[in-house]
Amino acid sequence: MTQTITIRRPDDWHLHLRDGAMLRAVLPETTRHFARAIIMPNLVPPVVTGAQAAAYRQRILDALPQGSDFAPLMTLYLTEETDPHDVAAAHASGLVHAVKLYPAGATTNSASGVANFDKVRPVLERMAEIGLPLCVHGEVTDPQIDIFDREAVFIDRVLDPIRRATPGLRVVMEHITTSDAVSYARAAGPDLAATITTHHLVINRNHILAGGIRPHYYCLPVAKREVHRLALRAAATSGEARFFLGTDSAPHTDANKLLPCGCAGCFTASNTLSILAQVFETEDALDRLEGFTSLNGPAFYGLPANTAKVTLERSGATYPSHIETADGPVTVFDPGFALDWKVL
Ligand code: NCD
Ligand code: ZN
C-alpha cells in the first residue's frame, strides 16, 4: 500500500480570498499548500479595472505570511461597462490572467454582473484575439428555472451561443456540478476547460437537505443529485487535461451562514489536499492526482508547472473545525469521513 505521495505543488484555479481581516485570516490556509491561485474579483465593490486588480493584488501580497512565495493570479470582474482596452492592457502587463463572467444576480456579490450579453461582445472579441481566458459562473438567473437545472440551461442558452459567436474565445467552465457540463466540456476542443471543486466531489444534495438543513454544505452552484457527483468524480480522476482543480473555497463567517437567508459558499482551503488524496485513492487514481491539482491548470493558462513539490503521508490528517477571524469564526468544510493523507 502506498504510504507517501509526492506531487508538484498544486495551484487553485478558483479561489475567494476576500479582503481586510478575512483576507488576513484565510490567506495562510491556501498559501500553506498552494503556489498560485486565480483570485476571484467579487469583492464589494467588485474588482473591475486593471488599477483595482493591481491594488487588490498588493493587499494580498501585504497579507502574505512571512517567507511565502505564493503568487496571486488576478482576474477582472466583467461588467457591461468593461473597457476592452483596459482589459488588454492589464493582460499585457502580466497582471491579469482571466476575466470573470457572473450573470447578474447569480451568486454572492454578482449584482454588477452581465444581464445583456450583447453589451460585452467587444470585450469577448478582444479577449479571443489576445488569448485571455473567460472564467464563467455557469448558471442562468431566470427565476422560472429550477435551481437544480440552472447550469444545464446556462450551457444551452448562454455559454454555447457565446462560444459560437466568439470563435477562439478561451473559456473555463467554473465549478461544474452536472454530468451535462462534463459532457459539454468533453465535446469541446482545447479552448475549453472546466474546473471542479473539492466539495462537489464529496457531497450531493442530500448532504445539504436530508435529515436537517446543513448550511455549511450550501454553495453555488448548489450540489446536485448523486449521479452528477459520480460524473464529476469520473471526470476529475480521468486524467483528461481539460479538467482541473478550482476549489471555490469561499469563506463566510458562521454568523453569515447560519441565518434565515444564509450565504452560499464552502470553505475548503484548509483540508482540500487531504480530501482530494482520499477521493483519488477511493477512485483508484492516486497517480492522476498531480495532473488534476498541479499540471492541467497551468497548461491551460499557459504557465509553467510549479517545480517545488509537496508530499502527503498516510498518517492521518487533522484540521481545525473553524478558522478564527476578526469578524468571527469561519467553519472549515467537513467531508464526513476521516482523512488518511496528511500534507507534510
Ligand atoms: C461564492 C462566494 O461566496 O463568493 N459562493 C459560492 O457559493 N461559491 C461565489 C461563487 O463563486 O459563486
Ligand atoms: Zn466562486
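Residues numbered from 1 in each chain as written. Chains lettered and ligands numbered in written order. Predicted model: local features only at pLDDT ≥ 70, side-chain atom pairs only at ≥ 80, totals over all residues. Heavy atoms only, no water.

Please give an account of a negative patch on the surface that cites residues and values.
Negative charge collects at one region of the surface, where Asp146, Asp149, Asp156 and Asp180 lie side by side. Looking at where aspartate 156 falls in the secondary structure, it is placed in helix H5 (residues 150–165). Residue classification places aspartate 156 among the exposed residues on the basis of a relative accessible area of 60%. (Patch = residues over 30% accessible without salt bridge, like charges linked within 9 Å, V, L, I, M, F, W, Y side chains within 5 Å. Areas by Shrake-Rupley, 256 points an atom, 1.4 Å probe, with all protein chains shown as cover. Salt bridge = Lys/Arg side-chain N within 4 Å of Asp/Glu carboxyl O. Lys, Arg positive; Asp, Glu negative; His and termini not counted. Charge placed at Lys NZ, Arg CZ, Asp CG, Glu CD. Helix = DSSP H or I, 4+ residues; strand = E, 2+ residues; numbered from the N terminus. Buried < 20%, exposed > 50% of the residue type's maximum accessible area, 1.4 Å probe, protein only.)

Describe in detail the coordination of the zinc ion (ligand 2), supporting the description with residues and values.
Donor atoms from the polypeptide that coordinate the zinc ion (ligand 2) comprise His14 (NE2), His16 (NE2) and Asp248 (OD), at 2.0 Å from the metal. Taken together, the 4 donor atoms surrounding the zinc ion (ligand 2) define angles of 91 to 139° at the centre, an arrangement classified as irregular. Sequence spacing of the donors to the zinc ion (ligand 2): H-x1-H-x231-D. Residue histidine 14 is located in strand S2 (residues 11–15), and its partner aspartate 248 is located in the loop between strand S9 (243–245) and helix H9 (254–257); the two are separated by 234 residues in the primary sequence. (Donors = N, O, S within 2.8 Å, 3.2 Å for Na, K, Ca; no water. Tetrahedral: all angles 85-135°; square planar, octahedral: opposite > 155°, others 65-115°.)

Can you lay out the sheet that holds strand S3 (residues 36–39) for me, pointing to particular residues and giving the numbers?
What the 8 strands build is an open sheet, ordered S2-S3-S4-S5-S6-S7-S8-S9; its pairing is parallel. Every interior strand has two partners, whereas the edge strands, S2 and S9, have only one. In this sheet, adjacent strand axes meet at a mean angle of 30° when their direction is disregarded. Pairing analysis gives 4 bridges linking S3 to strand S4 (residues 71–77), with the strands arranged parallel. If you follow isoleucine 38 over to S4, its bridge partner there is leucine 73. Here H5 sits on the sheet and contacts strand S5 (96–101), strand S6 (134–136), strand S7 (171–173) and strand S8 (192–196); the angle it forms with S7, its principal contact strand, is near 165°. (Pairing = 2+ DSSP bridges. Axes fitted to C-alpha atoms, helices over the stretch in contact; angles between N-to-C directions. Contact = heavy atoms within 4.5 Å.)

So what's going on with unusual backbone geometry? Which residues, and what values?
Across the junction of valine 44 and proline 45, the peptide omega takes the value -5°, indicating a cis bond. Its location among the elements puts proline 45 in the loop between S3 and helix H2 (50–63). The residue after leucine 220, namely proline 221, is reached through a cis peptide bond having omega -5°. As for its placement among the helices and strands, proline 221 is situated in the loop between helix H7 (205–209) and helix H8 (226–236). Of note, the phi angle at arginine 18 is positive, near 60°, even though the residue is not glycine. Summarising the element assignment, arginine 18 is placed in the loop between S2 and helix H1 (20–31).

Tell me about empty space enclosed by the protein, and please be specific about residues and values.
In the structure shown here, the tally under the stated rule is 4 cavities of 30 Å³ or more. Volume-wise, the largest cavity comes out at about 120 Å³. In terms of lining, the largest cavity is formed by 18 residues, of which the most central are His16, Thr107, Leu220, Asp248 and Ala250. (1 Å grid on protein atoms, 1.4 Å probe; cavity = no way out; pocket = protein on both sides within 12 Å on 5 of 7 lines; lining within 4 Å. Points joined across faces, edges and corners; volume = space filled by probe spheres on them.)

Give a detailed account of helix H10 (residues 272–282), specifying residues and quantitative values.
The buried count for H10 comes to 9 of 11 residues, which makes it a mostly enclosed element. Residues of H10 that are buried include every one of Thr272, Leu273, Ser274, Ile275, Leu276, Ala277, Gln278, Val279 and Phe280, and no others. Packing partners of the buried residues in H10 comprise strand S1 (4–8), H8, S9, helix H11 (289–301), strand S10 (309–314) and strand S13 (341–343). Note on H10: the residue one or two positions beyond its end, aspartate 284, has a positive phi of about 60°.

Residue-level account of the side chain of arginine 314, with values.
Examined against the element boundaries, arginine 314 turns out to sit in strand S10. Within the structure, the side chain of arginine 314 is placed 2.7 Å from the side chain of glutamate 281, a separation counted as a polar contact. Here arginine 314 is in contact with Met1, Thr2, Gln3, Glu281, Asp340 and Trp341, once residues within four sequence places are set aside. (Polar contact = N/O pair within 3.5 Å; in protein donor to acceptor, adjacent residues only side chain to side chain.)

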